[in-house]
Amino acid sequence: MSSSFPTPRDPARNAEHPLARAFASFTEAASSLERTYGQLQGQVAHLRQELEGTNRDLATSLEENHRIRARLRRILEGLPCGVLVIEAGARISTINPEAARLLGGSFESADALPAALSAALDLARETGEEPELPLALPLVAPHSLPQSGLDLPSPTQASLDQSASNQAKPPWVAIRHAWLEQSEARATSVFILRDVSEAKKLEQDREHLRRQQALVEMSALLAHEIRNPLGSLELFAGLLAEANLEAESHSWIEHVQAGLRTLSATVNNVLHLHNTPQPELAPTDAGQLLDWAYNFLLPLAKQAHVEMQIINGLNGITIRADRHRLEQVLLNLALNAFRFMPGGGWLSIRGADCASAASEDEDEGVEIVVRDTGPGIAPGDLPRIFEAGFSTRDGSSGLGLAVCHRILEQHRGSIAVESRPGCGATFRLRLPRNRTTGAKHSSEHIVEPGVESGAQL
């Protein structure tokens with residue numbers, strides 16, 4: 001006997017079956033999730049692209065910001081004026097190298113600034129004026145500056161060394177103020193510091209020049225007024241010297257003549273230095289010039305107890321010159337030697353024609369050598385002895401050698417000096433000469449006052 005069982009049906013094939021309905025719901029949910037995931041992937045890709053673009057823009061902006069900050073830093077460092085920024089609470093947030101140089105170093109707080117400078121800053125802030133003051137500030141060690149909008153380096157050692165060297169001559173600074181932010185809570189002041197030292201120096205030099213010019217004009221006026229009566233005194237003293245007077249009276253007259261000639265030389269130096277028209281050049285016998293020097297300087301040499309020697313190798317040699325001005329040169333050189341030999345000494349004036357020794361390519365000329373036995377000239381003074389006002393002797397005007405130099409330049413000649421301490425001084429005068437020749441012979445004059453030569457110049 002056989003039996004049969006019914007075949008079970010697949011529930012999944014039965015749409016009404018709960019399991020089939022659950023599976024269908026799961027399939028639909030999975031499809032929806034897959035579609036949503038796809039959309040989400042698209043959105044993530046879009047957001048990634050936008051983020052990459054934003055990151056690129058941000059990097060570009062940061063790079064541009066860094067470039068602008070670096071440029072502003074270089075501008076601030078390179079400004080020829082000082083920049084000082086003071087935040088609320090007296091904190092110094094920015095100080096550029098020029099400000100550090102002017103102030104003598106870096107400061108972190110306005111309270112550390114000298115009182116005079118702080119007062120000038122307050123005056124500029126309150127009134128809007130531009131005060132000026134000399135910054136005689138002590139050099140301070142550089143401090144680390146607080147971080148601010150601009151990263152400025154501390155002053156270099158070179159700037160500090162320069163500030164130290166400037167302490168002997170403090171700079172003059174003009175201060176101007178501007179508000180960066182004016183709220184009470186975050187008030188920020190910007191001070192511009194300008195170095196006006198050169199302008200101050202020019203102003204002082206201008207004032208000094210004005211006073212010097214007034215003094216020169218007055219000196220020239222007095223010298224001119226003195227010269228006229230002085231010439232009369234010299235004339236009358238010369239007439240007395242030629243009169244038949246007793247030996248003692250004649251000696252007194254020589255002393256008067258020496259004093260008048262010295263005074264005349266000083267007056268002429270003032271006039272020659274401050275009022276020097278072109279010389280009146282005319283044919284001049286150089287030998288006669290040296291003969292005049294002997295006769296004119298003789299009373300001065302006797303008064304100074306100096307032995308004088310004239311070696312005249314220029315008789316008959318004609319030069320184009322202003323004789324009166326060349327006489328002033330010889331008088332200045334002789335007086336300068338006499339004054340540096342108060343105990344006596346020796347003075348030699350030698351004239352020689354350089355034409356015989358000159359080659360065809362060289363200019364002919366005459367040379368006059370003035371040599372003395374005074375104390376000599378220090379090597380450091382040699383470059384300055386022809387400067388007006390320079391003198392190593394108390395009470396001297398320092399005009400004599402400057403006048404000599406100027407007169408020789410006007411004659412297209414030259415004057416040079418050779419000297420060393422303890423070995424006297426030798427002045428060499430070179431003057432151009434005419435080619436006209438004449439009978440030439442030498443003469444020599446020596447005056448011996450009977451006094452031993454003194455120490456050498």
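Numbering of residues starts from 1 in every chain and runs along the sequence as written. For a predicted model such as this one, the threshold for reporting local features is a pLDDT of at least 70, and the threshold for listing and counting side-chain atom pairs is 80 or more; totals across whole chains, interfaces and linings nevertheless cover every residue. The basis for every side-chain value is the complete set of heavy atoms in the structure, and neither hydrogens nor water enter the calculation.

**Considerations on the overall build of the protein chain**
- Helix numbering and strand numbering both begin at the N terminus, where a helix is a DSSP run of H or I of at least 4 residues and a strand a DSSP run of E of at least 2. When its secondary structure is counted, the protein chain shows 9 helices and 13 strands.
- Here the protein chain holds 457 residues, and 36% of them are scored as buried.
- The criterion used for residue contact is that any of the two residues' heavy atoms lie within 4.5 Å. Of all intrachain contacts in the protein chain linking residues separated by at least 6 positions in sequence, the fraction that spans at least 24 positions is 72%.
- Areas reported as accessible are Shrake-Rupley estimates using a 1.4 Å probe. Residue values count occlusion only from the protein chains shown. Carbon and sulfur atoms provide 54% of the accessible area of the protein chain, an area that totals close to 27400 Å². Summary of the burial criterion: residues with accessible area below 20% of their type's maximum are buried, those above 50% are exposed, and those between are partly exposed, where the area comes from a 1.4 Å probe applied to protein chains only.

**Considering the side chain of E98**
- By the secondary structure assignment, E98 is in helix α2 (residues 97-103).
- Setting aside its immediate chain neighbours within four residues, E98 contacts L79, P80, C81, G82 and D195.

**Details of the pairing of strand β12 (residues 425-432)**
- Only strands joined by at least two bridges in the DSSP assignment are considered to pair. Bridge count for strand β10 (residues 365-372) against β12 is 8 bridges, and the pairing is antiparallel. Across the sheet, residue D372 finds its bridge partner in β12, namely A425.
- Pairing geometry for strand β11 (residues 414-419) and β12, over 6 bridges, is antiparallel. Of the residues in β12, the one forming a bridge with S419 is A425.
- If you look at the hairpin formed by β11 and β12, you'll find 5 residues sitting between the two strands, and G422 has a positive phi there, around 85°.

**A word on the sheet that holds strand β3 (residues 132-134)**
- Taken in spatial order, the 5 strands line up as β2-β1-β5-β4-β3 in an open sheet, and their pairing is antiparallel. The open sheet has two edge strands, β2 (91-95) and β3, and neither has a second partner. Along the sheet, successive strands turn relative to each other by an average axial angle of 30°, direction set aside.
- Bridge analysis of strand β1 (residues 82-87) against β2 gives 4 bridges, and the strand direction is antiparallel. Residue pairing in the sheet places E87 in a bridge with R91 of β2.
- Note on geometry: axes are lines fitted to C-alpha atoms, helical ones only across the stretch in contact, with angles between N-to-C directions running from 0 to 180 degrees. Contacts from helix α3 (residues 115-127) reach β1, β3, β4 (172-181) and β5 (188-195) within the one sheet, and its direction differs from that of β4 by about 50°.

**Considering the pairing of β4**
- Sheet topology note: the β3/β4 ladder contains 3 bridges and is antiparallel. Across the sheet, L133 pairs through a bridge with V173, a residue of β4.
- Of the pairings in the sheet, the one linking β4 to β5 comprises 8 bridges and is antiparallel in character. Bridged to V173 within β5 is D195.
- Connecting the antiparallel pair β4 and β5 is a turn made up of 6 residues.

**Structural notes on helix α8 (residues 323-339)**
- An expected span of 1.5 Å times one less than the residue number is assigned to each helix. The first and last C-alpha atoms of α8 sit 24 Å apart over 17 residues, in line with the 24 Å expected at 1.5 Å per residue.
- Across the 17 residues that make up α8, a large majority, 13, are buried.

**Focus: the packing of helix α7 (residues 286-303) against α8**
- Look at α7 against α8: their axes get within 10 Å of each other, and the N-to-C directions meet at 35°. The handedness of the crossing between α7 and α8 is right-handed. The segment α7 lies against α8, with Q288, L289, L290, W292, A293, F296, L297, L300 and A301 engaging R323, L326, E327, L330, L331, A334, L335 and F338.
- Only Asp, Glu, Lys and Arg are considered charged in this grouping, and only Ala, Val, Leu, Ile, Met, Phe, Trp, Tyr, Cys and Pro are considered nonpolar; every other residue, Gly among them, is considered polar. Classifying every residue of the contact of α7 with α8 by side-chain character gives 14 nonpolar, 1 polar and 2 charged. Left-handed describes a crossing in which the near helix is turned anticlockwise from the far one by less than a right angle; the clockwise case is right-handed.

**Remarks on helix α9 (residues 400-410)**
- What α9 keeps buried is the set L401, A402, V403, C404, I407, L408 and Q410.
- In the stretch just after α9, R412 is the one whose phi turns positive, near 60°.

**What about the packing of aromatic side chains?**
- Put simply, two rings from Phe, Tyr or Trp (the six-membered ring, in Trp's case) pair if the centres are within 6.5 Å, and we call them stacked under 30 degrees between planes, edge-to-face over 60, tilted for the rest. A complete count under the given rule lists 2 aromatic pairs for this structure.
- Seen in terms of ring centroids, W292 and F296 are 4.7 Å apart; in terms of plane orientation they differ by 20°. Their pairing is stacked. Taken together, the positions of W292 and F296, both in helix α7 and 4 residues apart, correspond to about one turn of that helix.
- Residue class for W292 comes out buried when judged on its relative accessible area of 19%.
- Look at F296 and you get buried, because its relative accessible area is 17%.
- The ring of W172 carries K200 above its face, with NZ or CZ at 4.5 Å from the centroid. Only lysine NZ and arginine CZ atoms are considered, and such an atom sits over a ring when it is within 6 Å of the ring centre and within 35 degrees of the ring normal.

**A word on the packing of α8 against α9**
- In the contact formed by α8 and α9, the axes pass within 9 Å of each other and the chain directions differ by 150°. Here α8 is positioned roughly antiparallel relative to α9, judged by the angle of their axes. The handedness of the crossing between α8 and α9 is left-handed. Side by side, α8 and α9 meet where R325, L326, Q328, V329, N332, L333 and N336 of the first sit next to G400, L401, V403, C404, I407, L408 and Q410 of the second.
- Class assignment of the residues belonging to the contact of α8 with α9 gives a composition of 8 nonpolar, 5 polar and 1 charged. When describing relative orientation, an angle under 35 degrees is termed roughly parallel and one over 145 degrees roughly antiparallel, while 65 to 115 degrees is termed roughly perpendicular and anything else oblique.

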